[in-house]
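Observations on chain architecture
Here is what each chain is made of, one letter per residue.
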Amino acid sequence: MTDASEVKQKFEEGLNTIRALTGLTQADFDTLKEAAPQAAEWVDELVKLFYDTLFAHPRTAAIFREGERAEREKTLRNWVLHIFTEANDNDEFWKEQARIAFAHIRRHVTNEIMVGIAVKTLEFVHGKVIEAFGPEKGSQVAISFARVLFSVVGLTAHGYDAMSTLAFMESTGADADLTDMLIQQSVNTIQDMLLDE
Ligand code: HEM
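Residues numbered from 1 in each chain as written. Predicted model: local features only at pLDDT ≥ 70, side-chain atom pairs only at ≥ 80, totals over all residues. Heavy atoms only, no water.

1. Focus: the packing of helix α1 (residues 4-22) against helix α7 (residues 111-172)
Applicable threshold: For helices, the axis comes from a line fit to the C-alpha atoms of the stretch in contact; other axes are also lines fit to C-alpha atoms, and the angle between any two N-to-C directions lies between 0 and 180 degrees. The helix and strand labels rest on DSSP assignments: H or I over at least four residues marks a helix, E over at least two residues marks a strand, and numbering proceeds from the N terminus. Each crossing gets its handedness from the near helix: less than a right angle anticlockwise from the far helix is left-handed, clockwise is right-handed. Contacts: residue pairs with any heavy atoms within 4.5 Å of one another. Gly is put with the polar residues, along with every residue not named as nonpolar or charged; the nonpolar set is Ala, Val, Leu, Ile, Met, Phe, Trp, Tyr, Cys and Pro, and the charged set is Asp, Glu, Lys and Arg.
In contact at an axis separation of 10 Å, α1 and α7 are set at 145° when each is read in the N-to-C sense. Along this stretch, α1 crosses α7, giving a crossing that reads as right-handed. The segment α1 lies against α7, with Lys-10, Phe-11, Gly-14, Leu-15, Ile-18 and Thr-22 engaging Arg-147, Phe-150, Ser-151, Gly-154, Leu-155, His-158 and Ala-162. Across the contact of α1 with α7, the residue classes tally to six nonpolar, five polar and two charged.

So this is what it looks like as structure tokens:
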């Protein structure tokens, strides 16, 4: 059985790596707060674009339950507004994002889906903030938004990866080194199959 403190450490390492590589700090949350009044004006348009995109593609549309869209629109709207108004770089925020990441893993929102929709979201927000603040301040707001958004995407991806490995180890009894070796072997086999035909 996996130790809870080991899992916590892995989560923290993942989060610290994401933070270090994106450059996310409290200054980004402060920048987003300056753009909160404008975000309230375009959030509904963003939510519509987000779910129109997911419902238009069969693999992502299949993730949702019948009649779920209104509830999902509400939670995304609240999340976006929270990011611009109240969120800060603290344990409470990251704990909540970890909970959101787990909710997505449970519903099989795989990593390429998260990355794809994040790019679409960023493109929309980038357009809106440049329009509102001009290129200089607008770029600053867009970058701060990207840092937060991709940190949450990264956390979900890290969680999916860690959970898949953990489930394999728990079900087979393989340790981390053996599991890694088996993954590397699979990469070689699949690469040969796909690319060297
Ligand atoms: C940038 C990407 C995304 C953000 C910020 C986001 C945000 C959220 C938030 C805040 C919740 C509520 C979680 C809770 O309070 O329990 C949620 C739930 C959900 N999201 Fe997303 N989401 C994203 C991407 C996606 C994608 C790509 C899909 C599907 C293709 C998706 C499907 C869902 C579903 C099905 C739930 C309900 C989970 C449950 O059963 O509780 N989300 N999302």
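On we go.
2. Things to note about the pattern of salt bridges
Rules: Here, a salt bridge means any Lys or Arg side-chain nitrogen found within 4 Å of an Asp or Glu carboxyl oxygen. Relative accessible area decides the class of each residue, using a 1.4 Å probe on protein chains only: under 20% of the type maximum gives buried, over 50% gives exposed, and in between gives partly exposed.
Tallied over the full model, the rule gives 14 salt bridges. Glu-96 serves as the salt-bridge partner of Arg-99, at 2.8 Å between the closest nitrogen and oxygen. Taken together, the residues Arg-99 and Glu-96, both in helix α6 (residues 91-106) and three residues apart, mark about one turn of the helix. Owing to a relative accessible area of 34%, Glu-96 belongs among the partly exposed residues under this scheme.

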